[in-house]
Amino acid sequence: MTDRYDPLDAKILRDPYPVLDELRQSKPVFWHEGMGSWALTRYRDCVRVLRDHATFARDPQRTGGTVAEPSLSVQTLDPPQQGHIRSLFMTALRAQDLTSIEARAHCLVRGRLDALAGAGAFDVVSEIAVPLSVAVVADLLGVEPPPYAEFAAISDAIMRSMDGGLDPSLVEPGRIARQQLSDLVDSWFAASARPGLLARVRAAEPGADALVRLYVKNTARVMFQGGYSTMAAAVGNAVHTLLTHPEALHRMRDRVLLGTGVDELVRFDGPVQGTTRVAVRACRIGAVDIRPGQKVVPLFAAANRDPAAFPGADRLVLDRTPNRHLGYGWGPHSCIGTTVAQVGLHALVAALNGSLARLVAAGEGVRRRTATMRAFDTLPVVLRP
Ligand code: HEM
């Protein structure tokens, strides 16, 4: 059964949805040997696990594990301990001027498209997705954007190491990249604060103990690198979907459809394929008994195409409402940067629609060989007058 879902298989990298659909129908909760986990494909099972943090832990310390100091962040705490750090960052984010961030992001993409029009084929990932995503998260945090290509290489090594369970050779390059990223974040904390999210969270630092300061710094790192890598992947996936649904881009000239459409793009082919929780006590999901200490993987990609939750789940429906998809997760660990990601995707789609030239595919994109993150390595396109 599980050999049908090898997330690194070329066919599945190209299109995981038919296999996930088949699994959802035949064995919605299945043991995956490679992941050493129970994988969940039904929307309702995934939501239950993400919501019920009392039974399903994200914090490894709750199930006898340890967390290395550099990894202690909002992601490795569960409620109620997580509450303080999470609300510190959520409050700081809400205080940011997202309208101005969107306007600057729009300008950046427009400028790039103008420069690329008439220049032949180019790669959406390196020319649009990477610069847009680095610029948006740097703008949000209030830091100088690092050189695009250099930062993309560090982030890619970290992203690939998320599959370290499937391929142990990815672990060490990931560790080195994490250190480089830590050094970069340290330099931001050492410098005087510019306006932005980082300045807000740093204002809360005086009086905080060393452990809280560590959580704040590590969470800032997750915001930057995690935010960048998921957004860059989302931009590549969104452009690919728009290339294969050419009428959708045109329809998103309508402001309402732009708003609902960017969410539908993330549901339809989002970047984050799943997440892991560990059962802290015996429980049952569907027909399967889960033992304490066993890992459970809600597969967002499968849940987001579950017809029981999304009528016409395999169709791109720009005005889908409601659209409570799991592309940004759910519950206490859901994405802190959802509104920022939406702003970046609005800017992208609006700039594509504002361009006089039409974006068309210039060959097959190459999917990245990563299981946790669905992304393109390269996506060749050309702007036609
Ligand atoms: C389209 C782009 C994005 C997508 C699809 C996305 C998706 C996700 C998902 C699925 C999770 C939950 C993972 C889990 O439950 O284990 C998550 C968590 C998170 N995201 Fe995003 N994200 C995006 C962009 C961003 C951005 C731009 C930022 C910050 C600037 C950000 C910051 C975070 C943080 C800090 C968490 C951890 C929250 C916690 O554990 O409490 N994300 N994201």
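Heads up: the structure comes first, above all this text.
Below or above, wherever it landed, is the structure these notes cover. Just so you know, these numbers come straight off a predicted model, no measurement behind them.

**Overview of the pattern of salt bridges**
Inference 1: Across all of its chains, the model carries 17 salt bridges by this definition.
Inference 2: Its salt-bridge partner being Glu 172, residue Arg 175 comes within 2.9 Å of it at the nearest N-O pair. Here Arg 175 and its partner Glu 172 are both found in helix H8 (residues 171-190), 3 residues apart, which amounts to about one turn of the helix.
Inference 3: Judged by its relative accessible area of 41%, Glu 172 is partly exposed.
Inference 4: Overlapping salt bridges bring together Asp 156, Arg 160, Arg 368 and Asp 377 as one network.

**Looking at the site of the ligand**
Inference 1: Lining the immediate surroundings of the ligand are 27 residues, of which Arg 58, Arg 86, Thr 275, His 333 and Cys 335 lie closest.
Inference 2: Arg 86 is positioned such that a nitrogen or oxygen atom in its side chain is 2.8 Å from an oxygen atom of the ligand.
Inference 3: For the shell around the ligand, the elements supplying multiple residues, two or more each, are helix H6 (124-141) and helix H10 (210-244).
Inference 4: Looking at the shell around the ligand, its residues break down into 14 nonpolar, 10 polar and 3 charged.

**Some remarks on the coordination of the iron atom of the ligand**
Each donor-metal-donor angle in an ideal tetrahedron of four donors is 109.5 degrees, and each such angle in an ideal octahedron of six donors is either 90 or 180 degrees.
Inference 1: Looking at the iron atom of the ligand, one finds just one donor atom contributed by the protein, Cys 335 (SG), at 2.3 Å.
Inference 2: You can see Cys 335 is positioned in the loop between helix H13 (300-303) and helix H14 (338-354).

**Some remarks on empty space enclosed by the protein**
Inference 1: Inspection of every chain in the model, using the stated rule, returns 2 cavities of 30 Å³ or more.
Inference 2: The space that makes up the largest cavity amounts to roughly 100 Å³.
Inference 3: Forming the walls of the largest cavity are 13 residues, and the residues nearest its centre are Pro 7, Leu 13, Gln 273, Thr 370 and Arg 374.
Inference 4: Residues of the lining of the largest cavity, tallied by class, amount to 8 nonpolar, 2 polar and 3 charged.
Inference 5: Here the second largest cavity is characterised by a volume of approximately 40 Å³.
Inference 6: Tyr 17, Val 266, Arg 267, Asp 269, Gly 270, Val 272, Gln 273, Phe 300, Ala 301 and Asn 304 together form the lining of the second largest cavity.
Inference 7: Of all the elements in the fold, those that place two or more residues in the lining of the second largest cavity are helix H12 (255-269) and H13.
Inference 8: Element by element, the count of residues in the lining of the second largest cavity is highest for H12, at 3 residues.
Inference 9: Counted by class, the lining of the second largest cavity contains 5 nonpolar, 3 polar and 2 charged residues.

**Quick look at the sheet that holds strand E1 (residues 29-32)**
Inference 1: If you walk across this open sheet you meet the 5 strands as E1-E2-E8-E5-E3, and the pairing is mixed. Of all the strands in the sheet, the pair left with one neighbour each is E1 and strand E3 (56-57).
Inference 2: Bridge count for strand E5 (residues 277-279) against strand E8 (residues 295-298) is 2 bridges, and the pairing is antiparallel. Paired with Arg 277 across the strands is Val 296, a residue of E8.
Inference 3: Seen against the sheet, helix H3 (residues 43-51) touches E1, strand E2 (37-40), E3, E5 and E8 and runs at an angle of roughly 125° to E8.

**Considerations on the pairing of E2**
Inference 1: Neither face of E2 is exposed, since Ser 37 and Ala 39 on one face and Trp 38 and Leu 40 on the opposite face are all buried.
Inference 2: The pairing of E1 with E2 spans 4 bridges and is antiparallel. Residue pairing across strands places Val 29 opposite Leu 40, the latter belonging to E2.
Inference 3: Two elements, E2 and E8, share 4 bridges in a ladder whose sense is parallel. Looking at the pairing, Trp 38 lines up with Val 296 of E8.

Conventions we followed
Residues numbered from 1 in each chain as written. Predicted model: local features only at pLDDT ≥ 70, side-chain atom pairs only at ≥ 80, totals over all residues. Heavy atoms only, no water. Salt bridge = Lys/Arg side-chain N within 4 Å of Asp/Glu carboxyl O. Helix = DSSP H or I, 4+ residues; strand = E, 2+ residues; numbered from the N terminus. Buried < 20%, exposed > 50% of the residue type's maximum accessible area, 1.4 Å probe, protein only. Near = heavy atom within 4 Å. Polar contact = N/O pair within 3.5 Å; in protein donor to acceptor, adjacent residues only side chain to side chain. Nonpolar A, V, L, I, M, F, W, Y, C, P; charged D, E, K, R; others polar. Donors = N, O, S within 2.8 Å, 3.2 Å for Na, K, Ca; no water. 1 Å grid on protein atoms, 1.4 Å probe; cavity = no way out; pocket = protein on both sides within 12 Å on 5 of 7 lines; lining within 4 Å. Points joined across faces, edges and corners; volume = space filled by probe spheres on them. Pairing = 2+ DSSP bridges. Contact = heavy atoms within 4.5 Å. Axes fitted to C-alpha atoms, helices over the stretch in contact; angles between N-to-C directions.

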